[in-house]
Structure formats: C-alpha cells, structure tokens
Amino acid sequence: MKPFVVVCILLQIVAFPVLLVWVLKTDSPIALVLLIVVSTLGSLGIGAACMHLTWNSTMRTWPPRDPAPDAIRRNFQSFSLGLINLGWSVHVAADKEFLHLRPATLVRWLGAASASIPWQAMQPLGGRRGTAVRLGHHTMIAPRWCVELVSPETG
C-alpha cells in the first residue's frame, strides 16, 4: 500500500476525533474546514486501502492485455467483489479469450487495477439473479451479459 494511503488513514484515526472535539467546543470556521479536509482525505485513504486489499489482490492474478479488435465493448458497467462495489465504474471488453476490465478514471485514482480474466477462470454460480461468478476464492457480481458470455448455453 502506498505511504500516502497509510498517512490518510492515520490522519483519520488520530486527527478526526481531536478536530471533532474542537468543532463541538468552539465556533471556529478553521476547525470546521480542517475537519472536512481530514474526513475527506481519511475516507479516500480507506477507500484506496480497500481497493488494494480486495480488488487488486484478486485482479493481480490476471494482468491486463489488449482486447481483440472484434471485442464487445461496454462502458460504465457495475461489478462487485467483496467489500468493493464498483457501480457504473468499469469499462469492459469481451473477446473470445478474456473478459477485460478497466476501471474508470476516478476509480483508478483510488488505485484500482485493470485485468484480463480468462473465461476458464470464471464459474457461473446461477441463483436468483444469475449474475454471480466464482473467481478463485471470491465471488464477483457482474452484469448479466458478461455472465451469459461465460456460459452461453445457460443464457
């Protein structure tokens, strides 16, 4: 994890309570602005830490590759993996060999990695909505059209 992320989290843990007490005891606009800044940085740090520990640790197995020219492409799709819910935040390309995931710019700023997952690495789980796939030891929720491409005979 990047040192900046760790500093943001520590700032949230240490500075937030102190600033909160200061804001509650005084009417200082400086205290309020500092509380907002610390809360924002701390939240971004926590989000980046979750991204690195959940999304990136899983996607690291499948480094990104260039999609085939005839790949099906859709932007701003929703994926979920563990604590991470990337609603409308992933650009997807699907070709014969891989499901290519590229997080949107804002999510990449939090450290989300791109990946090219081979179709053989995904196992559809079925169920009520039919949008879950087993990805190693994790369950990933994907758009229905992606899951149908994993197992076309069930779609």
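Model, not experiment: these values are computed from the prediction. (Residues numbered from 1 in each chain as written. Predicted model: local features only at pLDDT ≥ 70, side-chain atom pairs only at ≥ 80, totals over all residues. Heavy atoms only, no water.)

(A) The overall build of the protein, seen in detail. When you go through the protein residue by residue, the secondary structure sums to four helices and seven strands. Helices and strands in the protein line up, N terminus first, as α-α-β-β-β-α-β-β-β-β-α. Taking 2.2 N^0.38 as the reference for a compact globule, 155 residues should give roughly 15 Å; the C-alpha atoms of the protein span a radius of gyration of 20 Å, well beyond that estimate. Along the three orthogonal principal directions, the C-alpha set of the protein runs to about 65 × 35 × 25 Å. The 155 residues of the protein split such that 39% are buried. Summarising the internal contacts of the protein: among those between residues at least 6 apart in sequence, 45% fall at separations of at least 24. When the accessible surface of the protein is summed, it comes to about 9,400 Å², and 64% of that surface belongs to carbon and sulfur atoms. Side-chain charges of the protein comprise 13 positive and 7 negative groups, with the mean position of each set lying 7 Å from the other. (Helix = DSSP H or I, 4+ residues; strand = E, 2+ residues; numbered from the N terminus. Rg over C-alpha atoms; globule rule 2.2 N^0.38 Å. Buried < 20%, exposed > 50% of the residue type's maximum accessible area, 1.4 Å probe, protein only. Contact = heavy atoms within 4.5 Å. Areas by Shrake-Rupley, 256 points an atom, 1.4 Å probe, with all protein chains shown as cover. Lys, Arg positive; Asp, Glu negative; His and termini not counted. Charge placed at Lys NZ, Arg CZ, Asp CG, Glu CD.)

(B) Representation of unusual backbone geometry in the model. The phi torsion at F76 lies on the positive side, around 55 degrees, for a residue other than glycine. Topologically, F76 is positioned in strand β1 (residues 72-81). Phi at W88 is positive, roughly 55 degrees, even though this residue is not glycine. Considering the arrangement of structural elements, one finds W88 in strand β2 (residues 84-94). By relative accessible area, which is 68% here, W88 ends up exposed.

(C) Molecular detail of helix α2 (residues 29-59). With 31 residues, α2 extends 43 Å between its outermost C-alpha atoms, agreeing within 8% with the 45 Å of an ideal straight helix rising 1.5 Å per residue. At H52, α2 shows its strongest bend, of approximately 35 degrees. Measuring from the backbone nitrogen of I30 back to the side-chain oxygen at the start of α2 gives 3.3 Å, which picks out S28 as the cap. (Expected span 1.5 Å × (residues − 1). Bend = angle between axes of the 7 residues up to and from the residue. Polar contact = N/O pair within 3.5 Å; in protein donor to acceptor, adjacent residues only side chain to side chain.)

(D) Quick look at the sheet that holds strand β4 (residues 115-118). Strand order in this open sheet of seven strands is β4-β3-β2-β1-β7-β6-β5, and the pairing throughout is antiparallel. Two strands in the sheet have a free side with no partner beyond their single neighbour: β4 and β5 (122-126). Taking each pair of neighbouring strands and ignoring which way they run, the sheet shows an average axis angle of 35 degrees. The pairing of β1 with strand β7 (residues 138-141) spans two bridges and is antiparallel. Residue S80 lies in a different strand from β7, and its bridge partner there is I141. (Pairing = 2+ DSSP bridges. Axes fitted to C-alpha atoms, helices over the stretch in contact; angles between N-to-C directions.)

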